[in-house]
Amino acid sequence: MSDELSPQATTFEQGYEGALRPATLAEFVGQAKVRSQLALLLNAATMQQRTPDHILLAGPPGLGKTTLSMIVATELDKPLHQTSGPAIQHAGDLAAVLSALTPGEVLFIDEIHRMARSAEEMLYLAMEDFKVDIMVGKGAGATSVPLELSPFTLVGATTRSGLLPNPLRDRFGFTAHLEFYATDELVSVVRRAAGLLGFGLSEQGIEEIAGRSRGTPRIANRLLRRVRDFSLVHDTPGDTATVQAALALYDVDEHGLDRLDREVLRAVVERFGGGPVGLSTLAVSVGEEAETIEAVVEPFLVRTGLLTRTPRGRVATRLGWEHIGAVPPGAPLA
Ligand code: ADP
């Protein structure tokens, strides 16, 4: 997978993504259902002067989970404490975070499915009763001391909600499932971000970037920055031609496929007659790990209708054949 099309943020990007993040629910583009559900939850809690239910945000990377956690804090006018599952390796790590929370604070735990098991159990009690039991001393003399916490709202984010243990999942009052964005929603994301960057981009240029962003705002913003750089360095206007030239440089085609995506599709069509072909055979044939094909390449090809998965293996669709310029079997010859 090319860096340009990875839905994960690089460390470098984490530093400046903030500039493009919508700050309020009204500014958050798309996900209309989740937005109205969240607005209701937050408004009801504010009217009753209590903390809202804990919120679980589930969905693939780059769709706005971190952004939404910040918006929850802003809308509630409360501070936000951010941490992540991998940073909580012991119950003590979590106890330290929880005991420092101020009343009403929003606690964001990214990748919550990667938290240590021992901490999970502590979190159950904290979520339910705003309490934790702290172990004092060691061995036979160890005692547990209950500690009252300030009421808080937990916002958990996960790309793998299936990996969350049921008792944890059940303690979230509300789960939002974030979906990939439609192209017209991505058009709004790109238009807004181009405005914030002060980059004059034509409407067609905006649509061109949106159509190549794999349903993911993070990718849309990244492609936009590449196009902006290209336009700056080559002194070209922000039009379709600039978008096409810039993205050709990064091997991102008009559907948002990169070189590996196309190689996989081409292998299925050209070497295996359109399939069916098994995952491991396909992986060997393009010289890539089977896991990468299965986790990164395939879901997008399937989602865009270029490939299907059958019990006997992967099969290129008619659209898949056409995408790489091949004539599907049975099609009338031009
Ligand atoms: P996640 O936590 O799901 O990986 P983030 O919240 O970090 O995703 O979002 C990634 C980037 O995409 C951020 O820079 C953010 O500005 C942008 N983004 C995400 N969702 C939206 C949205 N609905 N509208 C505008 N920009 C968005």
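Refer to the structure printed above.
Residues numbered from 1 in each chain as written. Predicted model: local features only at pLDDT ≥ 70, side-chain atom pairs only at ≥ 80, totals over all residues. Heavy atoms only, no water.

Moving on: helix α2 (residues 32-47). The end-to-end C-alpha distance of α2, which contains 16 residues, comes to 22 Å, matching closely the 22 Å that a straight helix rising 1.5 Å per residue would cover. For α2, the full list of buried residues reads Val34, Leu38, Leu41, Leu42 and Ala45. With its buried residues spanning 90° around the axis, α2 presents them on a single face. Turned more than 90 degrees from where α2 packs its buried face, Lys33, Leu40 and Met47 sit exposed. Residues of α2 that are buried sit in contact with β1 (55-58), α3 (65-76) and β7 (174-177). (Helix = DSSP H or I, 4+ residues; strand = E, 2+ residues; numbered from the N terminus. Expected span 1.5 Å × (residues − 1). Buried < 20%, exposed > 50% of the residue type's maximum accessible area, 1.4 Å probe, protein only. Arc of directions from axis to C-beta. Contact = heavy atoms within 4.5 Å.)

Before going further, it helps to examine the packing of helix α7 (residues 183-197) against helix α8 (residues 203-211). When two helices pack together, their arrangement is given by the angle between the helix axes and the distance between those axes. Where α7 contacts α8, the two axes come as close as 8 Å, and the packing angle between them is 120°. Taken together, α7 and α8 sit at an angle that is classed as oblique. Once α7 is placed against α8, the crossing between them reads as right-handed. Along the contact surface, α7 presents Thr183, Leu186, Val187, Val190 and Arg191, while α8 presents Glu203, Ile206, Glu207, Ile209, Ala210 and Gly211. Classifying every residue of the contact of α7 with α8 by side-chain character gives 6 nonpolar, 2 polar and 3 charged. (Axes fitted to C-alpha atoms, helices over the stretch in contact; angles between N-to-C directions. Parallel < 35°, antiparallel > 145°, perpendicular 65-115°, else oblique. Left-handed = near helix turned anticlockwise from the far one by under 90°. Nonpolar A, V, L, I, M, F, W, Y, C, P; charged D, E, K, R; others polar.)

Attention now goes to the nonpolar core. In this structure, Leu38, Ile55, Leu68, Val72, Leu201, Ile209 and Leu224 are the most contacted members of the largest nonpolar core, which totals 44 residues. Among the elements that line this core, the one with the most residues is helix α9 (residues 217-234), at 6 residues. In contact with Leu68, not counting residues within four places along its chain, are Leu25, Phe28, Val34, Leu38, Leu57 and Leu178. Counting 24 residues, the second largest nonpolar core, distinct from the first, contains Leu94, Ile112, Met127 and Leu149. (Core = buried A, V, L, I, M, F, W, Y, C linked by side-chain atoms within 4.5 Å.)

Attention now moves to the sheet that holds strand β6 (residues 153-158). The strands making up a sheet associate through hydrogen bonds between their backbones, and the pairing can be parallel or antiparallel. An order of β2-β3-β6-β1-β7 is seen for the 5 strands of this open sheet, with the pairing classed as parallel. Both outer strands of the open sheet, β2 (80-84) and β7, are each paired with one neighbouring strand and no more. On average, each strand axis in the sheet is tilted by 15° relative to the strand beside it, whichever way the strands run. Judged from the 4 bridges that link them, strand β3 (residues 106-110) and β6 form a sheet pairing that is parallel. (Pairing = 2+ DSSP bridges.)

Surveying the vicinity of the ligand reveals 18 residues, the closest of which are Val29, Gly62, Lys65, Thr66 and Thr67. Contacts to the ligand include Val29, whose backbone N or O atom sits 2.8 Å from a nitrogen atom. Within the side chain of Thr66, an N or O atom sits 2.6 Å from an oxygen atom of the ligand. Within the complex, 97% of the 560 Å² of free accessible area of the ligand lies under protein. Given that more than half its atoms are within 2 Å of the pocket grid, the ligand belongs to the largest pocket. (Near = heavy atom within 4 Å. Polar contact = N/O pair within 3.5 Å; in protein donor to acceptor, adjacent residues only side chain to side chain. Areas by Shrake-Rupley, 256 points an atom, 1.4 Å probe, with all protein chains shown as cover. 1 Å grid on protein atoms, 1.4 Å probe; cavity = no way out; pocket = protein on both sides within 12 Å on 5 of 7 lines; lining within 4 Å. Sits in = over half its atoms within 2 Å of the grid points.)

With that out of the way, let us pick up unusual backbone geometry. Residue Pro276 is bonded to the preceding Gly275 through a cis peptide linkage, with omega at 5°. Positionally, Pro276 belongs in the loop between α11 (259-271) and α12 (279-286). A positive phi angle, near 55°, is found at Arg214, a position not held by glycine. Structurally, the position occupied by Arg214 is in the loop between α8 and α9. Positive phi is not limited to glycine here, since Asp235 has a value of about 50°. Looking at the element boundaries, Asp235 is found in the loop between α9 and α10 (240-249).

Here the focus is the pattern of salt bridges. One pass over the structure, following the stated rule, counts 17 salt bridges. Arg171 is the partner of Glu128 in a salt bridge, and the nearest nitrogen-oxygen pair spans 2.9 Å. Of this pair, Glu128 sits in helix α5 (residues 117-129) while Arg171 sits in the loop between α6 (166-170) and β7, and the two are 43 residues apart along the sequence. Residue Glu128 is classed as partly exposed on the basis of its relative accessible area, which comes to 48%. A relative accessible area of 24% places Arg171 in the partly exposed class. Where Arg309 meets Glu298, a salt bridge forms, and the shortest distance between an N and an O atom there is 3.1 Å. Residue Arg309 is located in strand β8 (residues 307-310), and its partner Glu298 is located in helix α13 (residues 290-303); the two are separated by 11 residues in the primary sequence. Beyond isolated ion pairs, a larger network of salt bridges with shared partners links Asp251, Asp253, Arg259 and Arg262. (Salt bridge = Lys/Arg side-chain N within 4 Å of Asp/Glu carboxyl O.)

Here we take up the layout of surface pockets. One way to see where empty space is left: roll a probe the size of a water molecule over the atoms. Computed from the structure, the largest pocket encloses a volume of approximately 790 Å³. Along the wall of the largest pocket there are 33 residues; nearest its centre are Glu17, Arg21, Gly62, Thr66 and Arg218. Secondary-structure elements contributing two or more residues to the lining of the largest pocket are α3, β2, β3, β6, α7 and α9. In terms of residue class, the lining of the largest pocket is made up of 13 nonpolar, 12 polar and 8 charged. By volume, the second largest pocket is sized at about 460 Å³. The biggest single contributor to the lining of the second largest pocket is α13, with 5 residues. For the lining of the second largest pocket, a count of residues per class yields 11 nonpolar, 3 polar and 2 charged. (Points joined across faces, edges and corners; volume = space filled by probe spheres on them.)

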